[in-house]
Amino acid sequence: MKIVLVFIMSLQENNGQNYATDELLCKTVDLPLGLGSIIAYSRQDPLIKRECEFVNRIYIDTLSSDVIADDILSQAPDLVGFSIHWTQEKEKSVWEIIKNKNSDIKIVLGGPGVPYDVESCRGMLNVHGQIDALLMGEGEIAFRQLLKFYLKKESISNIPNAVLRERGKIFVNNVRVPLNDLSELPSPYLSGDVVLYDNAEGLLNVETSRGCGFHCAYCTYRGREKVRFFNIERFKQEIAFFKSKGFKGRLFITDPILNFNKEWARRVLKVMEGLDFRIHINMRPELIDNEIIELCAKMPKLELKVGIQSINPVALKNINRPMNIAKCREILLNLVRNKIYTGIDLIIGLPGDNYETLKNTFDWAVYCRVQHIGLNELMVPPNSDLKGMCERFEIKCNSNNIELSNYSFSEKDMAKASHFYVGFQFFFFHYRHIFYMLVFKCRYKPSEIVEKFIAEAKKKGEIPPDRLWDLSDINPSDQTVFCFFKSLLNDRQSVEYFFRVYKEKQKRLKDDENRVRSERIV
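Overview of the structure.

Cut-offs and rules
- Numbers given for residues are sequential positions, taken from 1 along each chain in its written order.
- Thresholds applied to this predicted model are a pLDDT of at least 70 for local features of residues and 80 or more for the giving and counting of side-chain atom pairs; totals over whole chains, interfaces and linings are not thresholded and use all residues.
- As a convention, hydrogens and water are excluded, and side-chain values are obtained from all of the structure's heavy atoms.
- Partly exposed describes any residue whose relative accessible area lies between the buried limit of under 20% and the exposed limit of over 50%, with all areas from a 1.4 Å probe on protein chains only and scaled to the type maximum.
- Secondary structure elements are taken from DSSP: a helix is a run of H or I of four residues or more, a strand is a run of E of two residues or more, and numbering for both begins at the N terminus.
- Two strands make a pair as long as DSSP finds a minimum of two bridges between them.
- Only buried Ala, Val, Leu, Ile, Met, Phe, Trp, Tyr and Cys residues count toward a nonpolar core, and they belong to the same one when joined by side-chain atoms within 4.5 Å.
- Residue contacts are counted whenever heavy atoms from the two residues lie within 4.5 Å of one another.
- All axes are obtained by fitting lines to C-alpha atoms, using only the stretch in contact for helices, and the reported angles, taken between N-to-C directions, cover 0 to 180 degrees.
- Whenever a nitrogen or oxygen atom comes within 3.5 Å of another N or O atom, the pair is scored as a polar contact, on the condition that within protein one atom can donate a hydrogen and the other can accept it, and that pairs from neighbouring residues in sequence are kept only if both atoms are in side chains.
- Given the number of residues in a helix, its expected span is that number minus one, multiplied by 1.5 Å.
- For this document, the term salt bridge refers to a Lys or Arg side-chain nitrogen within 4 Å of an Asp or Glu carboxyl oxygen.

Regarding the pairing of strand E6 (residues 162-166)
Here is step 1: Here E6 lies mainly inside the structure; 5 of its 5 residues are buried.
Here is step 2: Burial along E6 is two-sided: the face carrying Ala162, Leu164 and Glu166 and the face carrying Val163 and Arg165 are both buried.
Here is step 3: Relative to E6, strand E5 (residues 133-135) runs antiparallel, the two being bridged by 3 bridges. Its bridge partner being in E6, Ala133 is matched across the sheet by Leu164.
Here is step 4: Strand direction decides the pairing type here: E6 and strand E7 (residues 169-172), joined by 4 bridges, are antiparallel. Residue pairing across strands places Arg165 opposite Ile170, the latter belonging to E7.
Here is step 5: The turn linking E6 back onto E7 is made up of 2 residues, and Arg167 within it adopts a positive phi angle of 55°.

Re the nonpolar core
The nonpolar side chains of soluble globular proteins are, as a tendency, buried together.
Here is step 1: One finds Leu251, Met272, Ile281 and Phe485 to be the most contacted residues of the largest nonpolar core, which totals 139 residues.
Here is step 2: Ranked by the residues each element gives to this core, the list is headed by helix H15 (residues 411-430), at 9 residues.
Here is step 3: The contacts of Met272, once residues within four sequence positions are left out, are Phe235, Leu251, Ile253, Ile279, Ile281 and Met299.
Here is step 4: Residues Val6, Ile68, Phe82 and Ile107 belong to the second largest nonpolar core, which totals 27 residues.

Description of the sheet that holds E6
Here is step 1: Taken in spatial order, the 7 strands line up as E2-E1-E3-E4-E5-E6-E7 in an open sheet, and their pairing is mixed. Strands with a single pairing partner mark the edges of an open sheet, and in this sheet they are strand E2 (53-60) and E7. On average, each strand axis in the sheet is inclined to that of its neighbour by 20°, with strand direction left out of account.
Here is step 2: Packed on one face of the sheet, helix H3 (residues 65-73) meets strand E1 (2-9), E2 and strand E3 (79-83) and runs near 165° to E2.
Here is step 3: Across the face of the sheet, helix H5 (residues 118-127) comes into contact with strand E4 (106-110), E5, E6 and E7 while running at roughly 30° to E6.

Details of unusual backbone geometry
Peptide bonds are trans in most cases, and residues, glycine excluded, mostly fall at negative phi.
Here is step 1: In this structure, Lys152 is a non-glycine residue whose phi angle is positive, near 65°.
Here is step 2: Within the secondary structure layout, Lys152 lies in the loop between helix H6 (140-150) and E6.
Here is step 3: Here Lys152 falls in the exposed class, since its relative accessible area comes to 73%.
Here is step 4: Positive phi, normally seen in glycine, also occurs at Lys339, with a value near 60°.
Here is step 5: Turning to its location among the elements, Lys339 is positioned in the loop between helix H12 (325-337) and strand E14 (342-348).
Here is step 6: By relative accessible area, Lys339 is classed as exposed at 77%.

A few points about the side chain of Asn318
Here is step 1: Within the fold, Asn318 resides in helix H11 (residues 313-318).
Here is step 2: From its side chain, Asn318 meets the backbone oxygen of Pro351 in a polar contact 2.9 Å long.
Here is step 3: With sequence-adjacent residues up to four places away left out, Asn318 is seen in contact with Ala217, Pro351, Gly352, Met389, Arg392, Phe393 and Tyr407.

As for helix H13 (residues 355-367)
Here is step 1: Here H13 is 13 residues long and its end C-alpha atoms lie 19 Å apart, about the 18 Å a rise of 1.5 Å per residue gives.
Here is step 2: Taken across its 13 residues, H13 has 10 buried, putting it largely inside the fold.
Here is step 3: Listing the buried residues of H13 in full gives Tyr355, Thr357, Leu358, Lys359, Thr361, Phe362, Asp363, Trp364, Ala365 and Val366.
Here is step 4: A side-chain oxygen of the first residue of H13 lies 3.0 Å from the backbone nitrogen of Glu356; this N-cap is Asn354.
Here is step 5: One or two positions beyond H13, positive phi appears at Arg369, with a value near 65°.

Notes on the pattern of salt bridges
Here is step 1: Overall, the coordinates contain 31 salt bridges when judged by the stated rule.
Here is step 2: The salt bridge involving Asp45 is made with Lys148; its shortest N-O contact spans 3.3 Å. Linking Asp45 in the loop between helix H1 (33-42) and helix H2 (46-51) with Lys148 in helix H6, this pair joins segments that are 103 residues apart in sequence.
Here is step 3: Overall, Lys148 belongs to the buried group, its relative accessible area being 16%.
Here is step 4: The salt bridge partner of Lys460 is Glu456, with a shortest N-O separation of 3.7 Å.
Here is step 5: With a relative accessible area of 30%, Lys460 lands in the partly exposed category.
Here is step 6: The buried category is assigned to Glu456, whose relative accessible area is 8%.

Here it is in structure tokens:
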């Protein structure tokens, strides 16, 4: 039996920003971690190891569906497995082409885009007649049992966490079987089921735990699976393997909250002490203690991300995310004092928030002096608790599950918020030094700086009046920037000074861009 496992990666984030090309997964490995894990687990079964051949494929969504489908079909597969997210138009067009050309090929879907309840899965199979099976949640056990069923060595009733079509009928298995002992999972990197390219400089995902103890309404984890931990020796071996392969990219620890268990977080951080590649970790800020800060300080290329989302207590209550904001600020300032690269994530459009409370949260985040602030539009994933709260909070979404408005955040204010995002992004990401000078030396309010810049850009017609969906092509002119400084500052000398600093930084950015482009050509 020949199986092609497919991941189609987008070159753009939901807000229209392009992912950095040096962080593309396909530059590092031939398959994502999740798909690799189901292969490694399945191949422990002697029957599957003997009877099944696996082919790994990562595609970029800029490729046409026909090109992707033809490449998959060239492998003469018996089964094609797709890892899908909440937007799956590309995958759908590919599997339709495959089924139209060879209806005998099984189409199996897994990943966060698969509904987590059986009735929604049943409905999805009824709508999409080309799909043969849906695997809900963690897919290792279900996929292995499914393969054994297709090899006629397993009963259909023994496939947990699955809804499948067989002989024109839909079979539902309500039995949920979580993988409680993660030591049963081999590392797909160490087993060779995922190929890590030599001297790779892209993105590399690794997990040390699964599950989450919190219940945030917008998140698909939402405490559904209890927190479980891999063997620390496995993680040590993976790190040693990455180093032996000359990995030079960005290591992304996929644990939703690394420090949910503080002792586990300390053990993991000690393994990564002194590593020479970039490391991304998510932590809950109020659970960060002094020992964790000391360990983080020993990781020179650490990127620590904390989710604040909002400082508005009404919004936090609505999304079931209670936080001690004062304690969070104290910890964030301590991280910055210890020279730990720290980022804050905020969400635009939470029910209970509005444009003014968004600005308050933004100002609060800037005053924490962190190195990165991420403003993210609210998505309402199908498997989240928030999806079931849409009527209660009057949430409206587009076809990509991105919120359009809610009871407290109107569509008009969402448009204003998208403009605010553009102004913030322009200054904070490219000219943060100037932005911080205006805030901390000239004492301007962060949101006031952004709004004055937006006003000047609108006067020049560089920001359209409606909501922005693609935020990647906004390039303010020098005249707009000069007029912005003029509207903000009181004297000509200050205007000329800041504009000169801006032009010097702009030249450095262009020089860096040209250098990177020339290196790629070589």
